[in-house]
Amino acid sequence: MMILTQTPAISAIVKRWLGKMLMVICLPMALAGLPAHADSQINAATEVISKMIGEVETYLATDPGDVARRTQNIARLFDTHFDLEGIARFSAGPYWRAATDQERITYIQTMRDVMVGTVVRNFDQLSGLNFTTIDSQAKGDKMVLVRGTFNDASGKRPPISVGWRVITPSAAPAKVLDIEIENISMLVTQKQENIAIIRKNGGQFSALIEAMKSRQQSH
Amino acid sequence: MLTSTDRIARQAHFLPLVAMLFLVACSSVPETERTDPRDPFEASNRKAFAFNMAVDTYLLEPAASGYRKTMPLAGRRAVDNHIDWIGLPATTFNSTLQGRFENAGLSAIHFTINSLTLGLIDLTEDPKAVKEQDFGQTLASFDVPEGNYLMVPLLGPNTSRSLTGRFVDTVTNPVSFLKAGDSIETMQSLRTPVAVVAQRANLFEPFNDVKYNSLDPYARTRSLYYQGRAGRINATIGKPTDNRATNDQFESFLESSK
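So, a few notes on the structure that sits alongside this text. Residue positions within a chain follow its written sequence, with the count starting from 1. Numbering of ligands from 1 and lettering of chains from A proceed in the order in which they are written. In view of the model being predicted, local features appear only for residues whose pLDDT reaches at least 70, and side-chain atom pairs are presented and counted only at 80 or more, with totals across whole chains, interfaces and linings using the full set of residues. Hydrogens and water are ignored here; the side-chain numbers use all heavy atoms of the structure.

### Some words on the overall build of chain B
Then step 1. Starting at the N terminus, helices and strands are each numbered in turn, a helix being any DSSP run of H or I of at least four residues and a strand any DSSP run of E of at least two. Check the secondary structure of chain B and you find 11 helices and 2 strands.
Then step 2. From first element to last, N terminus to C terminus, chain B shows the α and β order α-α-α-α-α-α-β-β-α-α-α-α-α.
Then step 3. Working definition: with a 1.4 Å probe on protein chains only, accessible area under 20% of the residue-type maximum means buried, over 50% means exposed, and in between means partly exposed. Split into buried and exposed, the 258 residues of chain B put 42% on the buried side.
Then step 4. In this analysis, two residues are considered to be in contact whenever any of their non-hydrogen atoms come within 4.5 Å of each other. Of the contacts made within chain B by residues no fewer than 6 positions apart, 65% connect residues no fewer than 24 positions apart.
Then step 5. By element, 65% of the accessible surface of chain B is carried by carbon and sulfur atoms, the whole surface being about 13,600 Å². Note that accessible areas follow from Shrake-Rupley with a 1.4 Å probe, and for residues the cover is restricted to the protein chains shown.

Below, the structure is given as structure tokens:
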């Protein structure tokens, strides 16, 4: 081997051959690693959705119709399974960077309260719906789209196609970032509405917070 | 021979377009003041939206509420079936233009079979097998740019491309020109108002949620329209469940979070 590598032409051939061998050995290992990571991502995302749906079913089954209790349950659901900071950053768009720390904290809290309030107001509509997972697809190495259908047990309402965008960081639990209903992203819709409000108010982030608080108080 | 009522009814189709052109001619918002770059006529669009909301408040919402309360489920299903059936010739026409011959054939078969009941009862095994196609989608499949956002009085949200598509679909629909006796003509003249009320009734809660609970119902409607339309366009070019514009936004968000 030593003699062979001393001749430049032969050395080049040997290097190329070794390079190819390394490719042959390493490529399958690298490729094998990718599906394994994607699988663990998908499992984490599917698990968080099924756990959350299970909790909602429990709340519905034991619901006393009391608004305070519903609010408490739904707030716990959001705090546990949703990436509230990610939702806030995404929905504020480019204005997140310009917001002060205090504005960011107030915005996250107000946005959480608005989301909880919306679900509580529409809580009765969740009754009788069953969720069936169709598939889960990794979207890059940090997000999974879990798709499924809500079917009405009574058959009065048509099936609703739903997608959950779940963030799957390697060092933190998977959390829901977005809900897509019939291919319409709730978070993108909220972001575009928020940006419209901030722009209408001369780029003032505080105007969005005020508008949210005022809408919340009107309910 | 067309009666004067027929003529008025047909010209009425174009009234929203005339009104929209008038509003668009009024003003264009400078780029720095737009709340969405796709909406250069935002000021006039917002006026048209306010008009549409007033029409909804005083006419459509009460009518849709009454329709939901009084019309039995079977009747509502029959109306929905008829509305779907009326759209089938446009689907056949546009699927053929797009080269989606299987969908074109299926929609033609469904139209023929259900014409036995004027589309009121669906006699086919799988009504969802036909993928509804309009001329706006056909234009998109030929890479025609979607143009600006336009809120049209009485017709609602559109882009220049989808509005052109609506116009072409209206004038090319053979059912509009069918002459088959008084009862059919009465049905034809009632179809549009009934379809509007039925669709408002079908979307009663989500529509009211946008109308009464949004921070900016105009901006929310625009976003919902664009995303819903993107879903349909993606379905035309073969990606039925993948909203690419939305995915792009999430990908760039995750990139910026690194």
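### Re the pairing of strand β2 (residues 143-152) of chain A
Residue and element names in this part refer to chain A.
Then step 1. Burial runs high along β2: 9 of the 10 residues are buried.
Then step 2. When strand β1 (residues 129-138) meets β2, the two strands line up antiparallel, connected through 9 bridges. Along β2, the bridge assignment pairs T132 with T149.
Then step 3. Paired strands, in this sense, are two strands between which DSSP finds at least two bridges. As consecutive antiparallel partners, β1 and β2 are separated by 4 residues, and within that stretch G140 has a phi angle of approximately 80°, a positive value.
Then step 4. With 8 bridges connecting them, β2 and strand β3 (residues 160-167) associate as antiparallel partners. Looking at the pairing, G148 lines up with V162 of β3.

### Here we look at helix α10 (residues 217-236) of chain B
Then step 1. The first and last C-alpha atoms of α10 of chain B sit 28 Å apart over 20 residues, in line with the 28 Å expected at 1.5 Å per residue.
Then step 2. In terms of burial, α10 of chain B is a largely internal element, 15 of the 20 residues being buried. In this scheme, a helix's expected span is set at 1.5 Å multiplied by one less than its residue total.

### Examining the interface of chain B and chain A
Then step 1. The interface is formed by 31 residues belonging to chain B together with 35 residues belonging to chain A.
Then step 2. In this description, buried area is defined as the sum, over both parts, of the accessible area (probe of 1.4 Å) that is lost when the two are combined. For the chain B and chain A pair, buried surface summed over both sides reaches about 3,100 Å², with 55% attributable to carbon and sulfur atoms.
Then step 3. Contact with chain A buries surface across chain B, with L215, F250 and F253 of chain B losing the most and accounting together for 23% of the total.
Then step 4. Whenever a carboxyl oxygen of Asp or Glu lies within 4 Å of a side-chain nitrogen of Lys or Arg, that contact is scored as a salt bridge. Linking chain B with chain A are 2 salt bridges, by the criterion used here.

### Thoughts on unusual backbone geometry
Then step 1. The phi dihedral of E182 of chain A is positive, around 50°, even though this residue is not glycine.
Then step 2. Residue placement: E182 of chain A occurs in the loop between β4 (175-181) and β5 (184-185).
Then step 3. Notably, L118 of chain B is not glycine yet its phi reads approximately 55°, a positive angle.
Then step 4. Structurally, L118 of chain B is set in the loop between α5 (101-114) and α6 (135-141).
Then step 5. Overall, L118 of chain B belongs to the partly exposed group, its relative accessible area being 27%.

### Brief notes about the nonpolar core
All names here are of chain A.
Then step 1. If you look at the biggest cluster of nonpolar residues, it comprises 51 residues, and the most contacted ones within it are I49, Y107, W164, V166 and F205.
Then step 2. Counting residues per element, this core draws most heavily on helix α2 (residues 8-61), at 8 residues.
Then step 3. Not counting residues within four places of it along the chain, the set of residues in contact with F205 comprises A92, Y95, A99, E103, Y107 and I198. We call a set of buried Ala, Val, Leu, Ile, Met, Phe, Trp, Tyr and Cys residues a nonpolar core when their side-chain atoms join them within 4.5 Å.

### Thoughts on helix α9 (residues 205-218) of chain A
Since the α-helix packs 3.6 residues into each turn, any two residues three or four apart lie on the same face.
All names here are of chain A.
Then step 1. Look at α9: 21 Å from first C-alpha to last across 14 residues, which is about the 20 Å you get at 1.5 Å a residue.
Then step 2. Taken residue by residue, α9 has F205, A207, L208, I209 and M212 as its buried positions.
Then step 3. If you follow the buried residues of α9, they end up packed against α4 (84-92), α5 (95-98), α6 (101-121) and α8 (186-200).

### Some remarks on the packing of α4 of chain A against α6 of chain A
All names here are of chain A.
Then step 1. Whenever a helix is involved, its axis is fitted only over the stretch in contact; in every case the axis is a line through C-alpha atoms, and angles between N-to-C directions fall within 0 to 180 degrees. In the contact formed by α4 and α6, the axes pass within 10 Å of each other and the chain directions differ by 100°. Looking at the two axes, α4 sits roughly perpendicular to α6. Together, L84, E85, I87, A88, S91 and A92 of α4 and Y107, I108, M111, R112 and M115 of α6 make up the contact between the two elements. Oblique is the label for every angle not falling under 35 degrees (roughly parallel), over 145 degrees (roughly antiparallel), or within 65 to 115 degrees (roughly perpendicular).

### Here's the deal with the side chain of R76 of chain B
Residues and elements named next belong to chain B.
Then step 1. By secondary structure assignment, the location of R76 is in helix α4 (residues 73-98).
Then step 2. Note that His is not counted, nor are the chain ends; the positive residues are Lys and Arg, and the negative ones are Asp and Glu. There is no salt bridge for the buried R76, and the closest opposite charge comes from D80, which lies 5.7 Å off by N-O distance.
Then step 3. Not counting the four nearest positions on each side in its chain, R76 is found in contact with Y67, R68, M71, A201 and N202.

### Structural notes on the pattern of salt bridges
Then step 1. Taken as a whole, this structure holds 25 salt bridges over all chains when the rule is applied.
Then step 2. One salt bridge connects E193 of chain A with R220 of chain B, and the closest N-O pair in it is separated by 2.5 Å. Placement of E193 of chain A in helix α8 and of R220 of chain B in helix α10 is noted, with the two residues assigned to different chains. For the pair formed by E193 of chain A and R220 of chain B, the shared burial category is buried.
Then step 3. With its nearest N and O atoms 3.0 Å apart, the salt bridge here joins D216 of chain B to R46 of chain B. Of this pair, D216 of chain B sits in the loop between α9 (204-213) and α10 while R46 of chain B sits in helix α3 (residues 42-70), placing them 170 residues apart in sequence.
Then step 4. Judged by relative accessible area, D216 of chain B falls into the buried class, the value being 3%.
Then step 5. Judged by its relative accessible area of 22%, R46 of chain B is partly exposed.

### What about the packing of α3 of chain B against α10 of chain B?
Residue and element names in this part refer to chain B.
Then step 1. Running from amino to carboxyl end, α3 crosses α10 at an angle of 100°, the nearest separation of the two axes being 10 Å. When the axis of α3 is compared with that of α10, the two are roughly perpendicular. Here E42, N45, R46 and F49 of α3 lie close against α10, whose contacting residues are P217, Y218, T221 and R222.
Then step 2. Considered class by class, the residues forming the contact of α3 with α10 number 3 nonpolar, 2 polar and 3 charged. In the scheme used here, Gly and all other residues not listed as nonpolar or charged are polar, with Ala, Val, Leu, Ile, Met, Phe, Trp, Tyr, Cys and Pro taken as nonpolar and Asp, Glu, Lys and Arg as charged.

Functional significance is not addressed by these values, which are geometric in nature.
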